[in-house]
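Remarks on the overall topology
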Amino acid sequence: MTTDTAYALLQLAKARELIGAANAVFGAADLPPGHAAGYAKDTEEIDQSLSRAKIRAAHALRHTGAHKLDQASFQNLGEAFEQPTLQSMQYAAGRTITGRTHFRNTRSMMHDWLDIPRGTASDRLILADCLLGGVDGSGQPTAPWLPELAAEYNDPTIDPRLVMAAITKLHSARKDLGEGAAANAKKTKLERESVAFMHAEPKSARKHISAMVAEVKAGQRPLKALLESIGIFKKGLRQGLIEYVLRVLPSQAAYIEAFFASIDNPATVAGNRQGLKDAEAQFTGEQVNEWDDGASMPDWAQPEAEHEESADDSQDPDTSDAEATQSSSQETTAEDSSEAEADEQPEHRTASASWEDLKPERRRLVGLMTLLMSDRTGSPPHRKLALATPQVSIILNYEKMLAQAKDFAVTSSGIQLSPGEARAALCNSGIYPVVLNGKSLPLDLGRTQRLYSKAQRRAIRAAYRGCSYPGCSMPAERCEIDHLDAWEKGGRTDIKSAGLSCLIHHTGRHCGLFHAVKIPGSRPMVLLSPELDPEQKLRINTYFMTPAEALEAQALADETTAKWRAGQLEVEIVVP
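What comes next is a walk through the structure. Note that the structure is predicted; figures quoted are calculated from it, not measured.

Turning our attention to the layout of surface pockets. Quantified by volume, the largest pocket comes out at close to 1800 Å³. Lining the largest pocket are 42 residues; nearest its centre among them are Ala214, Glu215, Ala218, Gly219 and Gln416. At the level of secondary structure, the elements contributing two or more residues to the lining of the largest pocket comprise helix H10 (180-200), helix H11 (202-218), helix H12 (223-229), helix H13 (250-264), strand E5 (416-417), helix H19 (419-425) and helix H22 (547-565). With seven residues, the top contributor of residues to the lining of the largest pocket is H11. Taken together, the residues that form the lining of the largest pocket break down as 23 nonpolar, seven polar and twelve charged. The space that makes up the second largest pocket amounts to roughly 1500 Å³. Lining the second largest pocket we find 36 residues, and of these Leu9, Leu12, Ala57, Leu61 and Phe81 sit closest to its centre. Within the residue set of the lining of the second largest pocket, elements represented by two or more residues are helix H1 (2-28), helix H2 (33-64), helix H3 (71-82) and helix H5 (106-112). Of the residues that constitute the lining of the second largest pocket, the class distribution is 26 nonpolar, seven polar and three charged.

Turning our attention to the pairing of strand E8 (residues 498-501). With burial as the criterion, each face of E8 is covered, one bearing Ala498 and Leu500 and the other bearing Gly499 and Ser501. As judged from the four bridges shared by strand E7 (residues 480-483) and E8, these two strands associate in the antiparallel manner. When the bridges of E8 are listed, Glu480 appears paired with Ser501.

Taken together, the side chains of Ile232, Leu237, Ile242, Tyr244, Leu246 and Val248 present a nonpolar region at the surface, about 630 Å² in accessible area. Listing elements by their share of the nonpolar patch, those giving two or more residues are strand E1 (231-238) and strand E2 (241-247). Here the element with the most residues in the nonpolar patch is E2; it accounts for three residues. Positionally, Leu237 belongs in strand E1.

Analysis parameters
Residues numbered from 1 in each chain as written. Predicted model: local features only at pLDDT ≥ 70, side-chain atom pairs only at ≥ 80, totals over all residues. Heavy atoms only, no water. 1 Å grid on protein atoms, 1.4 Å probe; cavity = no way out; pocket = protein on both sides within 12 Å on 5 of 7 lines; lining within 4 Å. Points joined across faces, edges and corners; volume = space filled by probe spheres on them. Helix = DSSP H or I, 4+ residues; strand = E, 2+ residues; numbered from the N terminus. Nonpolar A, V, L, I, M, F, W, Y, C, P; charged D, E, K, R; others polar. Buried < 20%, exposed > 50% of the residue type's maximum accessible area, 1.4 Å probe, protein only. Pairing = 2+ DSSP bridges. Patch = residues over 30% accessible without salt bridge, like charges linked within 9 Å, V, L, I, M, F, W, Y side chains within 5 Å. Areas by Shrake-Rupley, 256 points an atom, 1.4 Å probe, with all protein chains shown as cover. Salt bridge = Lys/Arg side-chain N within 4 Å of Asp/Glu carboxyl O.

If you want it as structure tokens, here you go:
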């Protein structure tokens, strides 16, 4: 066995030299694109192997008591790796002692000898406990805490970094699970659902696992306790900024999320980048006008030109210039590319593109400050900036509502409401209930009109919540309504024939990079190209769903895929 491990160490030393030599060539050479892609792919696979190796190495250090090695053993190790040979590796097997040693424990050795930060060392040992097993107080080995995830970790087809991230999240809720059989059942359920997310859609798995753990930590707190904890709390001056902490109920968060969505969307007046920039100047005093005076301003930016454009747009508040062009031409291939505009107001076309790179957090603050200032002055601080008018849609699952389930109501931003919050919210103005049965929506116009109506667009955005491409995080307010049945070929303006895509993936679908798939009696799904998805499974983007909704959607996609492959279901792969 000593010879085997010595040879394995020699192989590692040679691999390290080979990787260093390859990196030197790739860093200096003018790579062809295929070699660059291969370099990146192999590097990621090597990183996955190293991720596994780091946890196993931490486990090996603790299991063997390597922190008790004597001074001669450490000296032999250094010499062995300077001139690696099989004989030097065998000689570096080392021995441990019971007396005074350099390091107090495994974590101390990892930090002081390997220069690993203490927090990272602790995390690796925790991962080793969960994946490979630990050591009890008497020095006896213990079984892995998360055996199902341990099996996934050892699967070479699964990214170990995703498994490690899931374990870190689940371990953070270990104390919240409690003790006993009930706690073990909760842990097993979390573990199995985490595995399901990792297999179904790895890109969204981290988000859903985090949400599940947050639900466990939240527990079943009574409303009185929640109300005692909400509010705006001032933390004080830090690094020249005043910090506040905002804690709200989920039903209140729905309004905030809708407000942010309007501010983040440049297709609304409230999200006008130039107007936001000018409004912020009232607080910062920065120069915002890009021209010295009207004489230096180009013709297209003159207020009169802007007024003329707005007058043209105002003829139909639900139809933009691009949409009008599309509706008058039967030869266009793009579908509803301008229907991403907000339902309330058209975009100011003179918005400054240079401010688009501003962080969303800063844009939202400016919008909030504009709202506060309007309350004081009676008007927005800048004529180009309108106040955001949040529109909140609550999605009601009809079947769950009849069954009196606790999770029958979810906002369009993915916030789950309690039954009491849902009933209270539906009594307020500005709330749009959208009742779904999980399969379709009763809002069809046939060929009575070319463009989707305002009610249809609101229903589509509320139901799908974001881009249909798996793993895409673009919210519905920034997406475009996509006719899956081309209007010029006799298509209908029906909900079941509508997709929702961000600009990138809308264009990608029409270029044939992936396909939308129409399912009888269900929402459309996505079929990725074979090079991205060799399994060729039908997929649903679950990024904006709650964990429970995501599991149901994944089960629906798996069931539909199985029926389709078995010839039990006729689906329509939409032609780009």
